[in-house]
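# Observations on chain architecture
Letter by letter, the chains look like this.
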Amino acid sequence: MEFLRIREDAAGVPAPERLLQGIETRYRVCLTVHDLYGKLRGRDGQPLLPGRNLHPHECCFRGRYQIPFWNTRCVEECFRKTEKELDRNPVPRLKTCWKHLVELVVPVCRRGNRQLTLFAGVFRTAGMDPDSLPECFPEWFRSRYAELPEADTRLLEELTDLLRTIGNGLLEECEANSSVPLPDRRLALILEFIRRHAHEAVSLKELGTELSLSPSRTRHLVRELCGRSFLELLEEERMLRAKALLLGTDRKLADISESVGYPNEYYFNRVFVRHYGIPPGRFRKMTEPNQTQKIK
């Protein structure tokens, strides 16, 4: 995946972002990336694709934060509902939302676990007359909706293969970028295990099973090779992911907490404060000028 190497052009745009922009231009679609566990990041926790979690087409973003209930319904459908359906059956599909907008949804899995969800669109529902849209939609929406194309089968098949390849490439490059050459194979296995399972309820016992060692021997080995405990290493990885999700998405704190391995939001807040010195909500507000502005 040499073409995905994380380099910036003269304008400071990273290669992965330029690649996505090129696909948007070539296929006349808008692309959205749901980074489920904060893996698309640099070593310092900075997100690789800030703002890409927002669906950028005018029919998606215009009015979303001004018209009552629009944002709530969009989050419920495009994130919670869609991701739950993919949990049950992680295969590419067409999704039609409550606005009658159609998107191609492509899950990306690594080692049997779903890591990313890529969206391409938007399209008009086949045979849908804009005049048949519910009265709650304003005139500007009806006008833009009438201009949307219907999804083309050949285009969708080509995009599905391309987005799956791009998604896997992004994950491979981020994993390679976050790794350093290690002299000890056991150390590499420990760090890889943590990167692979940090979003899960994982423990030292599971790591010991992976290494074919007892929990006691595993504990001593981790301390010997890493200079830190298993829980300290796990917390560091989770906090870097939390940082990436806070800076690169507008997801709620409860969603981020669960995504990085803390089902209890209050405990997540305590750990974040211990790690960064401030609560996650305040951290996000303090860094807003440095991230992609929320689309109005």
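Below or above, wherever it landed, is the structure these notes cover. Owing to the predicted nature of the structure, the values given are computational and were not obtained by experimental measurement.

A separate point is the pairing of strand S3 (residues 101–110). Summarising burial for S3: nine of the ten residues are buried, a large majority. Here strand S2 (residues 93–96) runs beside S3; their pairing, made up of four bridges, is antiparallel. Looking at the pairing, Leu 94 lines up with Leu 104 of S3. Between S2 and the antiparallel strand that follows it, S3, lie four residues; His 100 among them carries a positive phi value of about 65°. Examined bridge by bridge, S3 and strand S4 (residues 113–124) share ten bridges and lie antiparallel to one another. Residue pairing across strands places Val 105 opposite Phe 119, the latter belonging to S4. As consecutive antiparallel partners, S3 and S4 are separated by two residues, and within that stretch Arg 111 has a phi angle of approximately 55°, a positive value.

Counting residues in each nonpolar core, the largest one holds 25 residues, and the members touching the most others are Val 29, Leu 31, Leu 40, Leu 49, Ala 120, Leu 159 and Leu 163. Listed by contribution, the elements that provide at least two residues to this core are helix H1 (15–27), strand S1 (30–35), S3, S4 and helix H5 (153–178). Looking at which element gives the most residues to this core, the answer is H5, with eight residues. The contact partners of Leu 31, leaving out residues within four places of it in the chain, are Leu 20, Ile 23, Glu 24, Arg 52, Pro 56, Phe 119, Ala 120 and Leu 163.

Two numbers describe how helix H6 (residues 185–197) lies on helix H8 (residues 215–226): the axes approach to 10 Å, and their chain directions differ by 105°. On the basis of their axis angle, the class for H6 and H8 is roughly perpendicular. For the pair H6 and H8, the contacting residues are Arg 186, Leu 187 and Ile 190 in the first and Arg 217, Leu 221, Val 222, Leu 225 and Cys 226 in the second. Looking at the contact of H6 with H8 residue by residue, the classes come out as six nonpolar, no polar and two charged.

Checked against the element boundaries, Arg 196 lands in helix H6. Using a relative accessible area of 16% as the deciding quantity, one classes Arg 196 as buried. A distance of 2.6 Å separates polar atoms of two side chains, one belonging to Arg 196 and the other to Glu 210. The residues touching Arg 196, leaving out its near neighbours within four places in the chain, are Lys 39, Arg 111, Glu 210 and Arg 241.

On to the side chain of Thr 117. Within the secondary structure, Thr 117 sits in strand S4. Beyond its immediate stretch of four places on either side in the chain, Thr 117 contacts Thr 32, Val 33, His 34, Leu 36, Glu 83, Leu 86, Val 105, Val 106 and Pro 107.

Where helix H9 (residues 230–248) contacts helix H12 (residues 280–287), the two axes come as close as 9 Å, and the packing angle between them is 50°. Of the possible angle classes, the one that applies to H9 and H12 is oblique. The handedness of the crossing between H9 and H12 is right-handed. The segment H9 lies against H12, with Lys 243, Leu 245, Leu 246 and Leu 247 engaging Pro 280, Phe 283, Arg 284 and Thr 287. Looking at side-chain class alone, the contact of H9 with H12 contains five nonpolar, one polar and two charged residues.

On the secondary structure map, Thr 125 appears in the loop between S4 and helix H4 (139–147). Spatially, the C-alpha atom of Thr 125 lies 9.5 Å from that of Tyr 145, the residues being 20 residues apart in sequence. When sequence neighbours within four positions are dropped, the list of residues in contact with Thr 125 reads Thr 96, His 100, Val 102, Tyr 145 and Glu 150.

The set of residues buried in H12 consists of Pro 280, Phe 283, Arg 284 and Thr 287. Projection of H12 onto a plane perpendicular to its axis shows the buried side chains occupying an angular sector of 100°, all on one side. Exposed side chains of H12 directed beyond 90 degrees from the buried face belong to Lys 285 and Met 286. Where the residues of H12 are buried, they touch H9, helix H10 (253–259) and helix H11 (265–276).

Cut-offs applied
Residues numbered from 1 in each chain as written. Predicted model: local features only at pLDDT ≥ 70, side-chain atom pairs only at ≥ 80, totals over all residues. Heavy atoms only, no water. Buried < 20%, exposed > 50% of the residue type's maximum accessible area, 1.4 Å probe, protein only. Helix = DSSP H or I, 4+ residues; strand = E, 2+ residues; numbered from the N terminus. Pairing = 2+ DSSP bridges. Core = buried A, V, L, I, M, F, W, Y, C linked by side-chain atoms within 4.5 Å. Contact = heavy atoms within 4.5 Å. Axes fitted to C-alpha atoms, helices over the stretch in contact; angles between N-to-C directions. Parallel < 35°, antiparallel > 145°, perpendicular 65-115°, else oblique. Nonpolar A, V, L, I, M, F, W, Y, C, P; charged D, E, K, R; others polar. Polar contact = N/O pair within 3.5 Å; in protein donor to acceptor, adjacent residues only side chain to side chain. Left-handed = near helix turned anticlockwise from the far one by under 90°. Arc of directions from axis to C-beta.

Read these as layout, nothing more, since geometry by itself doesn't imply function.
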